[in-house]
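Secondary and tertiary structure notes
The primary structure of each chain is shown beneath.
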Amino acid sequence: MPTYLSHWSTNVQSVPTNYVFPKDKRPEGDITAPLCKDIPVIDLSQLDGLDHAEIIKQIMKANKDFGMFQVINHGVSEELVDETMNLFKEFFNMPAEDKAMYYPEDGTKGFRLYTGSLSSIEDGVKTWKDSVKHTCQSSEDNIESSPKKPARYQDVVGAYSAEVRKLSLKILDMICEGLGVELGYFEDELSQLQQLVVHQYPACPDPSLVSGHTDPHLLTLLQQDIDGLQIFKDGQWLGVEPIPHAFVIMICDQLEIISNGKLKSVQHRVVTNTSAARTSLVTFISPSLESVIEPEKALVRASEPTQFKPCRFKEYLDIQMANHPY
Ligand SMILES: O=C(O)CCC(=O)C(=O)O
Ligand SMILES: [Fe+2]
């Protein structure tokens, strides 16, 4: 049975060596970063009203400047966000016996619980976190492999996933408008997969890092309970302010490719905390595994030639997963 970090991390004074990344994979210098007040916080309450064009402008500017932004008044109820956050905290706090059955012997299951990171399972060095990965598409297998404890698991996660899906399509449509491609462009194959990954980073005696990375997906929608997320911009790491119930929206690699580089996938990392555990609810929206992703033809011109070669999403994902623990 695997030992989840949350079962023993409060009893240690120093980080065990199997959680210490080699020097060349660890950042040099100060890992703290000031919370950046310039990252746009965009209010979507007037999206269907007079502010529509202004909101699209703000989103495109935020994408260009930061590769990310936060949204408030986004339509996902605050109660549901709280309920989902609480549900996973409860899940991670369950006794080891209740969680043992979810160890990822079989990687094809819709629900997986793992410690470290998926890509470090084999190679030994672990990231300071326990995580859950939940495939949101409802299929018999996904429902079957979902936890039965806490009892409300399926209802809460089902409701949260459906609401976040709606928000993601709303944001993708705003991006369509901003790019000048038809609404609904991302609706089917390009956003077919949805995963909810929940990380719990226990307090860490020597704050270590999830190494910096970009997400290989299309779009990431994230809730963080306390600070810890940082983005890289202009040679500096900047802290992303935790705003209760706001979603952090990050542009991922496939959106950079499809937009022919007009949108940039944001480099980010998480710094752990010496005194408090941190939980994040991370939704990844991705193309279907078989889709071949390439720049949208309408965004390629003589003056803006194609910057990316076509690549099947599954192959892209395999390479990325092999290289980046996250
Ligand atoms: O925990 C977080 O806030 C971010 C995690 C992350 O970057 C990821 O899962 O790709
Ligand atoms: Fe990430």
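For the structure itself, look to the data block above.
Residues numbered from 1 in each chain as written. Chains lettered and ligands numbered in written order. Predicted model: local features only at pLDDT ≥ 70, side-chain atom pairs only at ≥ 80, totals over all residues. Heavy atoms only, no water.

**Points about the coordination of the iron ion (ligand 2)**
- Binding of the iron ion (ligand 2) to the protein goes through His213 (NE2), Asp215 (OD) and His268 (NE2), at separations of 2.1 to 2.2 Å.
- Here the donor residues for the iron ion (ligand 2) map to a single chain with the spacing H-x1-D-x52-H. Each member of the pair His213 and Asp215 is classed as buried. (Donors = N, O, S within 2.8 Å, 3.2 Å for Na, K, Ca; no water. Buried < 20%, exposed > 50% of the residue type's maximum accessible area, 1.4 Å probe, protein only.)

**Let's talk about the environment of Leu263**
- Mapped onto the fold, Leu263 is located in the loop between helix H8 (253–258) and strand S11 (268–271).
- Using a relative accessible area of 1% as the deciding quantity, one classes Leu263 as buried.
- C-alpha separation for the pair Leu263 and Pro305, spaced 42 residues apart in sequence, amounts to 15 Å.
- Apart from residues no more than four positions distant in its own chain, Leu263 is found in contact with Met60, Asn63, Ile175, Leu179, Ile251, Leu255 and Glu256. (Helix = DSSP H or I, 4+ residues; strand = E, 2+ residues; numbered from the N terminus. Contact = heavy atoms within 4.5 Å.)

**A closer look at the packing of helix H2 (residues 52–66) against helix H7 (residues 153–179)**
- Axis separation between H2 and H7 bottoms out at 9 Å; the angle between their running directions is 85°. Judged by the angle between their axes, H2 and H7 are roughly perpendicular. Contacts between H2 and H7 involve His52, Ile55, Ile56, Ile59, Met60 and Asn63 on the former and, on the latter, Met174, Ile175, Glu177, Gly178 and Leu179.
- Its residues assigned to classes, the contact of H2 with H7 comprises seven nonpolar, three polar and one charged. (Axes fitted to C-alpha atoms, helices over the stretch in contact; angles between N-to-C directions. Parallel < 35°, antiparallel > 145°, perpendicular 65-115°, else oblique. Nonpolar A, V, L, I, M, F, W, Y, C, P; charged D, E, K, R; others polar.)

**What to know about the pattern of salt bridges**
- Using the criterion set out here, one finds 13 salt bridges in the structure.
- Close ionic contact of Asp65 with Lys61 constitutes a salt bridge, the shortest N to O distance being 2.6 Å. Highlighted residues: Asp65 and Lys61, both in helix H2, separated by four residues, approximately one helical turn.
- On the basis of relative accessible area, Lys61 is assigned to the exposed category, the value being 52%.
- When the shortest N-O distance is used, the salt bridge between Glu315 and Arg312 registers 3.7 Å.
- Judged by its relative accessible area of 42%, Glu315 is partly exposed.
- Given a relative accessible area of 33%, Arg312 falls into the partly exposed group.
- What emerges from the salt-bridge pattern is a single network uniting Lys262, Arg301 and Glu304. (Salt bridge = Lys/Arg side-chain N within 4 Å of Asp/Glu carboxyl O.)

**A look at the sheet that holds strand S4 (residues 130–135)**
- Reading across from one edge, S1-S2-S10-S7-S12-S5-S4-S3 is the order of the eight strands in this open sheet, with mixed pairing throughout. The strands lining the two open edges of the sheet, one partner per strand, are strand S1 (41–43) and strand S3 (111–115). Across the sheet, the axes of successive neighbouring strands diverge by a mean angle of 25°, strand direction being ignored.
- Two strands pair when backbone bridges link them, and strand S5 (residues 193–201) and strand S12 (residues 278–286) are joined in this way by nine bridges, in the antiparallel orientation. Residue pairing across strands places Tyr201 opposite Arg278, the latter belonging to S12. (Pairing = 2+ DSSP bridges.)

**Let's talk about the layout of surface pockets**
- Approximately 210 Å³ is the volume found for the second largest pocket.
- Taken together, Ser6, Ser9, Thr10, Lys89, Asn93, Gln200, Pro202, Ala203, Asp225, Ala277 and Thr279 form the lining of the second largest pocket.
- The residue makeup of the lining of the second largest pocket, split by class, is three nonpolar, six polar and two charged. (1 Å grid on protein atoms, 1.4 Å probe; cavity = no way out; pocket = protein on both sides within 12 Å on 5 of 7 lines; lining within 4 Å. Points joined across faces, edges and corners; volume = space filled by probe spheres on them.)

**Overview of the site of ligand 1**
- His199, Tyr201, His268, Arg278 and Ser280 are the nearest of the twelve residues found near ligand 1.
- Interatomic distance of 3.1 Å between a side-chain N/O atom of His268 and an oxygen atom of ligand 1.
- Burial of ligand 1 by the protein chains amounts to 99% of its free accessible area of 290 Å².
- When residues of the shell around ligand 1 are traced back to their parent elements, those giving at least two are S5, S11 and S12. (Near = heavy atom within 4 Å. Polar contact = N/O pair within 3.5 Å; in protein donor to acceptor, adjacent residues only side chain to side chain. Areas by Shrake-Rupley, 256 points an atom, 1.4 Å probe, with all protein chains shown as cover.)

**Quick notes on the state of the cysteines**
- For the structure shown, the criterion picks out zero disulfides.
- Cys252 supplies the cysteine sulfur nearest to Cys36, a cysteine that is in no disulfide, at a spacing of 19 Å.
- Its relative accessible area of 12% is what places Cys36 among the buried residues.
- No disulfide involves Cys136; its sulfur sits 14 Å from the nearest other cysteine sulfur, which is in Cys252. (Disulfide = S-S within 2.5 Å.)

**Here we look at the environment of Asp98**
- For Asp98, the position within the fold is in helix H4 (residues 96–100).
- For Asp98, a relative accessible area of 22% puts it in the partly exposed group.
- A sequence separation of 56 residues divides Asp98 from Ile42, and the C-alpha atoms of the two residues are 40 Å apart.
- Among the polar contacts made by the side chain of Asp98, one reaches the side chain of Lys149 at a distance of 3.3 Å.

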